[in-house]
Amino acid sequence: MSDPDPSRPATRTGPLADEPAVVAAAVSGDRSAFARLMEHYQGACYGLAWRLLGDRDLAADATQDAFIHAYDHLGSYRGGAFRSWLMRITANAAYDILRRSQRRPTTTLPDPEAGEADLPDPFGVNPVAESARSELYRALDAALRLLPEEQRTAVVLCDVYGMDYHEVSVVIHSPIGTVKSRIHRGRLRLRELLADERELFEG
Amino acid sequence: MTMIHAAHPDPERLAALAGDDADAMADRGLTEHVASCASCGPRVREMGAMRIALAKLPDLAPSRPLQYLPPVASPAPSGWRIAFRRAFAPVAAAGMVLLLVGGVGVTGALGPADAQRLFNFMPAAAPAQQGGDPEITTDGGAAPPTVRESPAGLETDGGGGVGVMGPTPAGPEGAGEDDAGSDGEPTTRGEDLEAESTGGTGWLALAMAGLGLLVLAFFLRAAASPRRAA
């Protein structure tokens, strides 16, 4: 069995080796440094946006919006993990698009179980990835799509992207108590949806 | 050793515990129950495993190429460019108004009837006139006799005529040929034409000023626009 293509984003994007220097250069106005950061983290931002929006085009729009917002607000970056800062911006951009799309006539979300969902392959290229890990990821993404939107947003931000209650409450403009409740109910619902895939987690 | 409990905690408390919620973990009653309950313990462990898997969901390749940088903004225009740009509209509007008013005035002052009268005023046109309306005189008393056309034929007034635009003596033959003004004062045709000619010139000047303002406006516009690279 051959190793997976290293160019494929098979997992989470880690920080650049020289990230502090690149971030410092970007903050001081080096456009090429900023472009390097965005190129590096585009998969992370797009993944978050897609999991919140469930639509490839909207996710790309949200990611693009996030890049522009990040560029315009680099001065507000106060250190810490650049990825987390960028992910918060992306979450806000995606959530804005989500709210705007809710004001328009909505269409029914495709049913992932019926094979209708716009589910990207986690490895980006091969749609028939056979590994158990790929199968698990597809099952998780499909189950997330079946959650009510409020629960999905909270679970994605908290459990998938590691934001704390306060960060989630800022993104979705809701009290922390509401955020906790949505996350907890979302986990319970997700467990029910994944009842048939239990062995994938425990393997 | 697992135990069967009569009352299980709220499921949301179990989900909180699975998410390492600080409040839930500090709840000894909850943690002890989960540790010993055959129903709640596996539920919490499943949700915990699920959280670990969720946290490993991979990043995704964007569905289309993204731009990493916003386009470079063009430099802000300098002060005089802004002033020129702002001046364009009022100057152009003023020019249009003057051109329009002057044009209408010129057209009115030199309308068909006026043009006909002006045409009749010219010496070369005199033979063609049938009514013998205007006098054609030369300037000064020493001028040659005025040639006058009348229904009876050409007449001369003996050379004592007045200037072209001067009043014509109210002679027996001249009085009837003078135009009367609207106020009843007798005026000569020459005075009318002089006034109309002066008015026409004024309208023309107005129109030309408008044209000049339009040219100026477009100059301002051209000067204010940013220079494009070749």
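Residues numbered from 1 in each chain as written. Chains lettered and ligands numbered in written order. Predicted model: local features only at pLDDT ≥ 70, side-chain atom pairs only at ≥ 80, totals over all residues.

Asks: Just checking my understanding: could you explain the overall build of chain A for this structure?
Replies: The number of helices and strands found in chain A is 9 helices and 0 strands. Listing each helix as α and each strand as β along chain A from the N terminus yields α-α-α-α-α-α-α-α-α. Taking all 203 residues of chain A together, 39% fall into the buried category. In chain A, 64% of the contacts between residues at least 6 apart in sequence involve partners at least 24 apart. (Helix = DSSP H or I, 4+ residues; strand = E, 2+ residues; numbered from the N terminus. Buried ≥ 20, exposed ≤ 12 C-beta atoms within 10 Å, placed from the backbone. Contact = placed C-beta atoms within 7 Å.)

Asks: Please explain helix α4 (residues 82-103) of chain A as it appears in this structure.
Replies: Residues spaced three or four apart along an α-helix face the same direction, because each turn holds 3.6 residues. Residues and elements named next belong to chain A. Between the first and last C-alpha of α4 there are 32 Å, a value that for 22 residues agrees with the 32 Å anticipated at 1.5 Å per step. Turning to α4, its buried residues are Phe82, Arg83, Leu86, Met87, Arg88, Ile89, Thr90, Ala91, Ala93, Ala94 and Leu98. If you follow the buried residues of α4, they end up packed against α1 (19-27), α2 (31-53), α3 (56-72), α6 (149-160) and α7 (165-172). (Expected span 1.5 Å × (residues − 1).)

Asks: Before we go on, may I ask you to explain the nonpolar core in this structure?
Replies: The tendency in soluble globular proteins is for nonpolar side chains to be buried side by side. Grouped together as the largest cluster of nonpolar side chains are 70 residues, with contacts concentrated most on A:Cys45, A:Leu48, A:Ala49, A:Ala94, A:Val155, A:Leu157 and A:Val168. A per-element tally of this core places α2(A) first, with 12 residues. Discounting chain neighbours no more than four positions away, the residues touching A:Leu48 are A:Met87, A:Thr90, A:Ala91, A:Ala94 and A:Tyr161. With 10 residues, the next largest nonpolar core counts B:Phe84, B:Leu98, B:Leu206 and B:Leu220 among its residues. (Core = buried A, V, L, I, M, F, W, Y, C linked by C-beta atoms within 7 Å.)

Asks: Quick question: what am I supposed to make of the confidence of the model for chain B here?
Replies: In regions of low pLDDT, the predicted coordinates are not meant to be interpreted in detail. Residue and element names in this part refer to chain B. Mean pLDDT over chain B works out to 71, with 53% of the residues at or above the 70 mark. For the stretch residues 125-182, pLDDT sits under 50, and the model shows 68 contacts to residues farther than four places along the chain or on other chains. The complex model carries a pTM of 0.59, and its ipTM stands at 0.83. (pLDDT = per-residue confidence, 0-100.)

Asks: Looking at this structure, how should I read the interface of chain A and chain B?
Replies: Size of an interface, as often reported, equals the accessible area lost when the parts are brought together. On the chain B side, the residues contacting the 48 residues of chain A number 28 residues. Within the residue set of the side of chain A that touches chain B, elements represented by two or more residues are α2, α3, α5 (132-146), α6, α8 (176-193) and α9 (198-202) of chain A. It is α2(A) that provides the largest number of residues to the side of chain A that touches chain B, a total of 11 residues. Classifying every residue of the side of chain A that touches chain B gives 24 nonpolar, 11 polar and 13 charged. (Nonpolar A, V, L, I, M, F, W, Y, C, P; charged D, E, K, R; others polar.)

Asks: Which parts of the structure should I look at to understand the packing of α8(A) against helix α4 (residues 40-54) of chain B?
Replies: Angle between the axes and distance between the axes are the two parameters that describe a pair of packed helices. The interhelical angle for the contact between α8(A) and α4(B), taken along N-to-C directions, is 95 degrees, at an axis separation of 10 Å. In terms of their interaxial angle, α8(A) and α4(B) are classed as roughly perpendicular. Where α8(A) approaches α4(B), its residues A:Arg187, A:Leu190 and A:Arg191 are matched on the opposing element by B:Glu46, B:Met47 and B:Met50. (Axes fitted to C-alpha atoms, helices over the stretch in contact; angles between N-to-C directions. Parallel < 35°, antiparallel > 145°, perpendicular 65-115°, else oblique.)

Asks: Quick question: what am I supposed to make of the packing of α8(A) against helix α1 (residues 11-18) of chain B here?
Replies: Where α8(A) meets α1(B), the closest approach of the two axes is 8 Å, and the angle between their N-to-C directions is 90 degrees. Considering the angle they form, α8(A) stands roughly perpendicular to α1(B). On α1(B), the residues that touch A:Lys180, A:Ser181, A:His184, A:Arg185, A:Arg187 and A:Leu188 of α8(A) are B:Pro11, B:Glu12, B:Ala15, B:Ala16 and B:Ala18. Partitioned by chemical class, the residues of the contact of α8(A) with α1(B) number 5 nonpolar, 2 polar and 4 charged.

Asks: When you look at the confidence of the model for chain A in this model, what are you seeing that I'm missing?
Replies: Residues and elements named next belong to chain A. On average, residues of chain A carry a pLDDT of 84, and 80% of them reach 70 or more. Segment residues 1-8: pLDDT under 50, and 5 contacts once partners within four positions in sequence are set aside and those in other chains are kept. Scored below 50 in pLDDT, residues 122-130 shows 18 contacts in the model against residues more than four places distant or in partner chains.

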